[in-house]
Amino acid sequence: MVLLKSQTNKLTQETLSKPAPPSTRFHPSSDDALHASFHQPPSLRGLESLKSNLPYLEQINASPRVFRIRNLLTKQECEHLMLLAFRKGLSKTMIMPYGTHKLVESTTRTNDGAWLDFLQDDVVRRLEETLGKLTKTTPQQGENLQVLHYSNGAQFFQEHYDYFDPARDPPESFEQGGNRYITVIVYLEAALEGGETHFPELGLKLTAQPGDALMFYNLKEHCSGTDPDCVEKKTIHAALPPVRGEKWVAVKWIHEKPYQKG
Ligand SMILES: O=C(O)CCC(=O)C(=O)O
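Residues numbered from 1 in each chain as written. Predicted model: local features only at pLDDT ≥ 70, side-chain atom pairs only at ≥ 80, totals over all residues.

Named according to an unreviewed UniProt entry, the protein chain is Fe2OG dioxygenase domain-containing protein originating from Guillardia theta. As recorded by UniProt, the Cofactor (unreviewed entry) comment attached to the protein chain reads in full: "L-ascorbate". (UniProt positions renumbered as here; feature names shortened; annotations may be inferred.)

If you want it as structure tokens, here you go:
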């Protein structure tokens, strides 16, 4: 495993079946410079944000809502998060199948992963606060950041939803913070080929440049996550295995209500 090899300059591969509408529906509340960029025309917003390295949004799909976030992390911050995960100890994902009390290795996802602490250090804190501002949520609504690593050729995460399914999952699933409202997948390193995040129902295979993120809403607008009609079924997605190179992402699940305790 190469942990901190330098990022390539290539543009990451992307297959969009639909043209990206230029607008964004976000109106983040009151954060000066960051939010000022949201009130400019999309073309200017992009240019200004690029010049100043401020994060900005591009809408990829309207329903369900899928966005790309540009300029979220610097290259150094991406490397820092990979290093933090490496130090924490990357391990295979374990699951506890329904009706059992035993952790077993998942067969539906073969990647390695590590959970970071909430607000673990300045870089993690800044990321958690920025995502809060962009999504009009609080950092406390987020689960801990999870760093995932997919090695060349083999590792994947099969099709799944990130939300808890009110029609299927037990009520306890919703006790801590309600349902998973938003998913943010921050690309720390993209594979040279393959490794896309695949949304089969939307006809989208997406990657992002390191430091950019994909973001999608698992729930419809103005809806309760315990209502079976509220979940966005078309957000079903998978992580395809890298064909060349390896892939690192940091995933943040943001809940409807505060998730962090204390
Ligand atoms: O790694 C990816 O592209 C997707 C990760 C993912 O699906 C998840 O963490 O829910």
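On we go from here.
Asks: It is not clear to me how the nonpolar core should be interpreted in this structure. Could you clarify?
Replies: Where a protein is soluble and globular, its nonpolar side chains tend to be buried together. If you look at the biggest cluster of nonpolar residues, it comprises 53 residues, and the most contacted ones within it are V147, V186, L188, A213 and V249. Here this core gets seven residues from one element, more than from any other, and that element is strand 10 (residues 180-189). (Core = buried A, V, L, I, M, F, W, Y, C linked by C-beta atoms within 7 Å. Buried ≥ 20, exposed ≤ 12 C-beta atoms within 10 Å, placed from the backbone. Helix = DSSP H or I, 4+ residues; strand = E, 2+ residues; numbered from the N terminus.)

Asks: Is there a simple way to explain unusual backbone geometry in this structure?
Replies: A negative phi angle is the norm for most residues apart from glycine, just as the trans form is the norm for most peptide bonds. At the junction of S63 and P64, the peptide bond is cis and its omega measures out at 0° in the coordinates. Secondary-structure assignment places P64 in the loop between strand 2 (56-61) and strand 3 (66-70). With a phi angle near 50°, L119 is a residue other than glycine that sits in the positive phi range. Following the sequence through the fold, L119 ends up in the loop between strand 7 (112-115) and helix 4 (122-135). Take L119: there are 18 C-beta atoms within 10 Å of it, and that puts it in the partly exposed class. A positive phi angle, near 55°, is found at K136, a position not held by glycine. The topology assignment puts K136 in the loop between helix 4 and strand 8 (146-150).

Asks: Even after reading the chapter, I still don't get the sheet that holds strand 8, so can you show me in this structure?
Replies: Strand-to-strand pairing in sheets goes through backbone hydrogen bonds, with the strands running parallel or antiparallel. Strand order in the open sheet made by the eight strands is 2-3-14-10-17-8-7-4, with antiparallel pairing throughout. Sheet topology places strand 2 and strand 4 (91-92) at the edges, where each strand pairs with a single neighbour. Bridge count between strand 4 and strand 7: two bridges; the pairing is antiparallel. Residue S91 lies in a different strand from strand 7, and its bridge partner there is G113. (Pairing = 2+ DSSP bridges.)

Asks: Explain helix 3 (residues 75-88) to me, please; I cannot follow it from the model alone.
Replies: Residue pairs three or four apart in sequence face the same way in an α-helix, which turns once every 3.6 residues. Helix length check: helix 3, at 14 residues, gives a terminal C-alpha distance of 20 Å against a target of 20 Å (1.5 Å per residue), a fit within 8%. Buried within helix 3 are the following residues: E77, C78, E79, L81, M82 and A85. Looking at the buried positions of helix 3, the neighbouring elements they touch are strand 7, helix 4, strand 8, strand 10 and strand 17 (247-255). Of the residues trailing helix 3, G89 is marked for its positive phi of about 105°. (Expected span 1.5 Å × (residues − 1). Contact = placed C-beta atoms within 7 Å.)

Asks: Explanation requested: the pairing of strand 7 in the structure shown.
Replies: Where a strand is regular, its side chains alternate between the two sheet faces. For strand 7 and strand 8, the ladder comprises four bridges, and the chain directions are antiparallel. The residue of strand 8 that forms the bridge with W115 is Q146.

Asks: What is the right way to read the environment of K247 from this model?
Replies: Positionally, K247 belongs in strand 17. Using a count of 26 C-beta atoms within 10 Å as the deciding quantity, one classes K247 as buried. For the pair K247 and E196, spaced 51 residues apart in sequence, the C-alpha separation works out to 9.1 Å. Residues in contact with K247, not counting those within four places in the same chain, are Y150, E189, A190, A191, G195 and P242.

Asks: What's the story with the pairing of strand 3 in this structure? I'm lost.
Replies: Among the five residues that make up strand 3, four are buried, leaving the element largely enclosed by the rest of the structure. Looking at chain direction, strand 2 and strand 3 are connected through five bridges and run antiparallel. Directly across from Y56, in strand 3, lies its bridge partner R70. Linking two consecutive strands that pair antiparallel, namely strand 2 and strand 3, is a turn of four residues. Here four bridges tie strand 3 to strand 14 (residues 213-217), and the two strands are oriented antiparallel to one another. Within strand 14, the position partnered with V66 by the bridge is F216.

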